[in-house]
Amino acid sequence: MEERQPATQQPAAETMTAVSVTGGGAIVTLKTKTFCGSSDNLNFIIARRFTYGRTVLRPYDWRYIRVDLPTWFSSMTLSLESDVNLDKKSIMITDKSNLPMICAREGSPPLPDSYNTSLIGLELDPILNGSLAIEGLQFAEKCYPMQKKVMIRLTNEQISPGVWYFGLFNGIGSTRTQSKMINRGSGYSFTGNVSVEGCVSPSISGQFCNQTVDHLSCVDQNSTQGIITSCKNDFEHSCIHSNESKLYSLDLLGISEEIMISLTSNNSSSSSNTTLMCYARHGAIPSSSTHDYSGNVSNAPLVIRSPKVGRWYFTILPLNFSNEATKFCYSLEWKLLRCPIDKAGLNCTWERYTLQTILRKNPSVPFESYYLPVSDKISSNSANFLLEPLLSNSSQGQSQSQSQHIAWTYFLVDIPSGAAGGSIHIRLNSDTKINHELYASYGGLPFEDKWDYFYANSSSNSNGSMFFKLYDSGEKTISFYIVYVRGGTWSFGIKHLTSSSKSQSQSQTTMSISIERCPRRCSSHGTCQNVVEMSGLSLYSYCSCDRDHGGFDCSVEIVSHQGHIWQSISLIASNAAFVFPAYWALRQGAFAEWVLYTCSGISSGLYHACDVGTWCALSYKVLQFMDFWLSFMAVVGTFVYVTDIDEGSKRTIHTVVAIVTALMAMNGPTSSSNIVLVIAIGATGLLVGLLIEFFTHYRRFPFSAELFLNMLHRWQTVKEWCRNLIKTILKRFQWFFVIAGFAALAMAAISWSLESTNSYWFWHSMWHVSIYISSFFFLCSKVKAMNCANGEPENRNYELTRQDSLSGSQDLGENGRVR
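This is a predicted model, so every value here is computed, not measured. (Residues numbered from 1 in each chain as written. Predicted model: local features only at pLDDT ≥ 70, side-chain atom pairs only at ≥ 80, totals over all residues. Heavy atoms only, no water.)

**Some words on the overall build of the protein chain**
Across its full length, the protein chain carries 13 helices and 41 strands. Among the 819 residues that make up the protein chain, the fraction classed as buried is 49%. A separation of at least 24 residues holds for 71% of the contacts in the protein chain among residues at least 6 apart in sequence. (Helix = DSSP H or I, 4+ residues; strand = E, 2+ residues; numbered from the N terminus. Buried < 20%, exposed > 50% of the residue type's maximum accessible area, 1.4 Å probe, protein only. Contact = heavy atoms within 4.5 Å.)

**Remarks on the side chain of Asn461**
Tracing the backbone through its elements, the reader meets Asn461 in strand S33 (residues 460-461). On the basis of relative accessibility, which here comes to 17%, the residue Asn461 falls in the buried class. Of note is the side chain of Asn461, whose polar atom sits 3.1 Å from the backbone oxygen of Ser458. A polar side-chain atom of Asn461 sits 2.8 Å from the main-chain amide nitrogen of Asn463. Not counting residues within four places of it along the chain, the set of residues in contact with Asn461 comprises Phe454, Tyr455, Phe468 and Leu470. (Polar contact = N/O pair within 3.5 Å; in protein donor to acceptor, adjacent residues only side chain to side chain.)

**Quick notes on the UniProt feature "transmembrane region" (unreviewed entry) in the protein chain**
As annotated in UniProt, the feature "transmembrane region" (unreviewed entry) corresponds to residues 675-695, 733-754 and 760-780 in the numbering used here. Secondary structure content for residues 733-754 is 91% helix and 0% strand, and the end C-alpha separation is 31 Å. What you have in residues 760-780 is 100% helix and 0% strand, and the ends, taken at the C-alpha atoms, are 30 Å apart. (UniProt positions renumbered as here; feature names shortened; annotations may be inferred.)

**Observations regarding the nonpolar core**
Counting residues in each nonpolar core, the largest one holds 54 residues, and the members touching the most others are Ile424 and Trp490. With 4 residues, the single largest contributor to this core is strand S35 (residues 477-482). Excluding its chain neighbours within four sequence positions, the residues that come into contact with Trp490 are Phe411, Leu412, Val413, Ile415, Ile424, Ala440, Ser441, Tyr442, Asp452, Tyr453, Ile482 and Val485. Counting residues in hydrophobic clusters, the runner-up holds 41 residues, among them Tyr607, Met633, Ala634 and Val738. (Core = buried A, V, L, I, M, F, W, Y, C linked by side-chain atoms within 4.5 Å.)

**Let's talk about the packing of helix H7 (residues 620-641) against helix H13 (residues 760-780)**
Packing of H7 against H13 leaves a shortest axis separation of 9 Å and a crossing angle of 10°. Here H7 is positioned roughly parallel relative to H13, judged by the angle of their axes. Across from Ala634, Val635, Thr638 and Tyr641 in H7, the residues of H13 making contact are Ile771, Ser775, Phe778 and Leu779. (Axes fitted to C-alpha atoms, helices over the stretch in contact; angles between N-to-C directions. Parallel < 35°, antiparallel > 145°, perpendicular 65-115°, else oblique.)

**Here's the deal with the packing of aromatic side chains**
Overall, the coordinates contain 31 aromatic pairs when judged by the stated rule. Here the aromatic rings of Phe776 and Phe777 are separated by 5.9 Å at their centres, their planes lie at 45°, and the arrangement is tilted. With relative accessibility at 17%, the residue Phe776 sits in the buried group. Accessibility expressed as a relative area gives 22% for Phe777, which makes it partly exposed. For the cation-ring pair, Arg486 lies above Tyr442, with the distance from its terminal atom to the ring centre recorded as 4.1 Å. (Phe/Tyr/Trp six-rings, centres within 6.5 Å; stacked < 30°, edge-to-face > 60°. Lys NZ or Arg CZ within 6 Å of the ring centre and 35° of its normal.)

**Comments concerning a nonpolar patch on the surface**
Together, Leu586, Phe591, Trp594 and Val595 make up a nonpolar patch on the protein surface, roughly 360 Å² of accessible area in all. Element by element, the count of residues in the nonpolar patch is highest for helix H6 (residues 591-611), at 3 residues. Mapped onto the fold, Val595 is located in helix H6. (Patch = residues over 30% accessible without salt bridge, like charges linked within 9 Å, V, L, I, M, F, W, Y side chains within 5 Å. Areas by Shrake-Rupley, 256 points an atom, 1.4 Å probe, with all protein chains shown as cover. Salt bridge = Lys/Arg side-chain N within 4 Å of Asp/Glu carboxyl O.)

**Brief notes about the sheet that holds strand S23 (residues 310-319)**
Strand order across the open sheet formed by 6 strands is S13-S14-S18-S23-S20-S21, with mixed pairing between neighbours. Looking along the sheet, the strands with just one partner apiece sit at the ends: strand S13 (204-205) and strand S21 (293-296). With 2 bridges joining them, S13 and strand S14 (residues 211-215) adopt antiparallel strand pairing. Bridge assignment links Ile204 to a residue of S14, and that residue is Thr212. (Pairing = 2+ DSSP bridges.)

**Focus: the state of the cysteines**
Under the criterion given, the structure shown has 7 disulfides. Here Cys103 pairs with Cys143 through a disulfide, and the sulfurs are 2.0 Å apart. Negative torsions about the S-S bond denote left-handed disulfides, and the value of about 110° found for Cys103 with Cys143 makes this one right-handed. Placement of Cys103 in strand S7 (residues 100-106) and of Cys143 in strand S9 (residues 142-145) is noted, with a sequence separation of 40 residues between them. Residue classification places Cys103 among the buried positions, given a relative accessible area of 2%. With a relative accessible area of 8%, Cys143 lands in the buried category. Each disulfide pairs two cysteine sulfurs, and for Cys518 the partner residue is Cys528, the sulfurs being separated by 2.0 Å. Of note, the bridge from Cys518 to Cys528 carries an S-S torsion of about 75° and is right-handed in sense. (Disulfide = S-S within 2.5 Å.)

**Overview of the sheet that holds S9**
With respect to topology, 4 strands assemble into an open sheet ordered S5-S11-S7-S9, the strand pairing being antiparallel. The sheet is open, and its two edges are formed by strand S5 (62-69) and S9, each paired on a single side. Going across the sheet, the axis of each strand differs from the next one's by a mean of 20°, ignoring polarity. The pairing of S7 with S9 spans 4 bridges and is antiparallel. Counted as the bridge partner of Ala104 is Lys142 from S9.

**Some details on the confidence of the model for the protein chain**
Considering every residue of the protein chain, the mean pLDDT works out to 77; 74% of them sit at 70 or more. A low-confidence stretch, residues 397-403 stays under pLDDT 50, and its non-local contacts, those more than four residues away or across chains, total 10 contacts. Confidence over residues 789-819 falls short of pLDDT 50; this stretch has 43 contacts with residues more than four positions distant or in other chains. (pLDDT = per-residue confidence, 0-100.)

Okay, here's the thing in structure tokens:
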């Protein structure tokens, strides 16, 4: 699947790596460049550049582009050129399942058809002027129609650093992963370039690297509540004017319960109306219009509960200055509350467990594992662990309004970045009714009002989310997946009754948390495939479903069992039509043609029996090649048969045709253009055969060059000669069967063109019947053969004569000259 070429040595200022990735019928060339130089702006450096060679996406095919953005990146530009030509009108009338599109997602590959409501994320308006630059909150997990030229530019003021995936799809829906007997539709190709720019120093940021960033220095202080970390900027006091703003950054390396930002004024002469707003954002630079949290820190501290792990940015912006020339001096203080490693909550009274990873011993399925808590309270030799001994006893928590019997227990799971193409499976089983609620959050602890995914009951959960898939929802069982999970720290919170509750102490609940490559093992209706994405840096998995099922987990039944049986019978039994031309060829003693028709019908039946999953006599590729090759040969052989040439000439034509059709059957046998090409080859064979036959009989008559020149001057003679030629051709065939043969051949061509993913079984069955009936009629059209109706031999006197070529008005002399 992947082929790596050694790096090419370049000067120190530039290194280049070439990677060739092959998969899905496309060969992709990736070139990576890392530059040490800078652009005209000395604050910029070009961090990475990728070039993607021409890639072809066939119907229902897809590719992923992975872009890794460092923490010091300033902007990222993705430029794509394709042969897609869609305007807004065509986008609106095109079936959305066949629409070429581009999707984006942070942390893991996008999956636009993971849920039947995911088309809500499809933006039908085309990208204006081929460019796109929208806010990260609007851009993530969205899909847009693919266009001829697409330029996406995103800055560190719009999106967070980390791994971003861009998915290019040529049609979505349940049939995307279905194993298809045919792939009809239009494909498209694209080329692309990715450029990542960064700032030369960690003390500057912004899309133009023109904003100074003050990094906070922190000191830990022990407290009865846990560990309180105090952070201040490098200078004791900061001053700001009305038209200025200050930018600060803080790196959180572990789970924290709370961040509190407070301000102390150091300017007594400042106006009491002066307001300092603090805007906070995780991973990206905040502004007054785009931020995660905001507050007037002049009056009260800004509190962020359960902040996510990573880099936080804080912008201080003054408002309501009475005098623009006035400056306001202040000092800011950040306080971080962190609990001990096994505790959580504002009072650090709830239990928190960091789960250890236990890899599954299956080298063919990478990054599959399950997680168990490290605790002396339980011992488990399986992927399940007992939940009750681990639950928190204390009910004192976040709010005074909470019931005194409610508590939280947290489980922390570290997902490796290589597992981003897999899914987290959460499962609870109990011998009594489950009263627990489950909440999941990436990078921080979840609560009732802050989570990424949750399950409260069968009617209140995240099942409408694109990447949350609920399978079992009963009183005693809960099972759901988080599809294509992001790599990093995930927290799972269980809201439950305290263990002192009588009902809680009597229950026995087991829990399992695991990483699986494909949800539910593709529902036992497909196989899990592992593929390297285009950059070759990460692995993702998908389900390749059988003929009857589709969907990202093969859980969607596309064809019923009864429908599958009828389709199988139709595709296999329709090949019985080969009996008509085979029988007639055998009756006429055309043994080569008899063998050809018989083998063609049998191989086609065996191929379709394997194709529908009934029985494979040989490998699928061998059966497919035999089916198409012998079908092509049967079509051309029929055209050659109707000529009356010697066996040596026939063998020559058959040999040439066998070589050409074998190449066609090996390279793109299902291409719609093949039927036209085969008919053209057959017509060429027929023409060559007729010419050979004609000149064989023509040599019997001694036409000298002088006679030929005289004929050119005698239009009457030429007309008479042409009339005799036409009469000979008319007597050469039984034209009723010729017309019937071409009508059947046209029906075969129409059936081929009407084949689609849903109607393939019907129209391809019609193709089988039509093409063999066409061959039968063409065999019957040959005068040399017996009449198909009554078996009587036809008159074979069809040779050209010259009795009228020189009419009675012109007599030949003794020397053969015209007098």
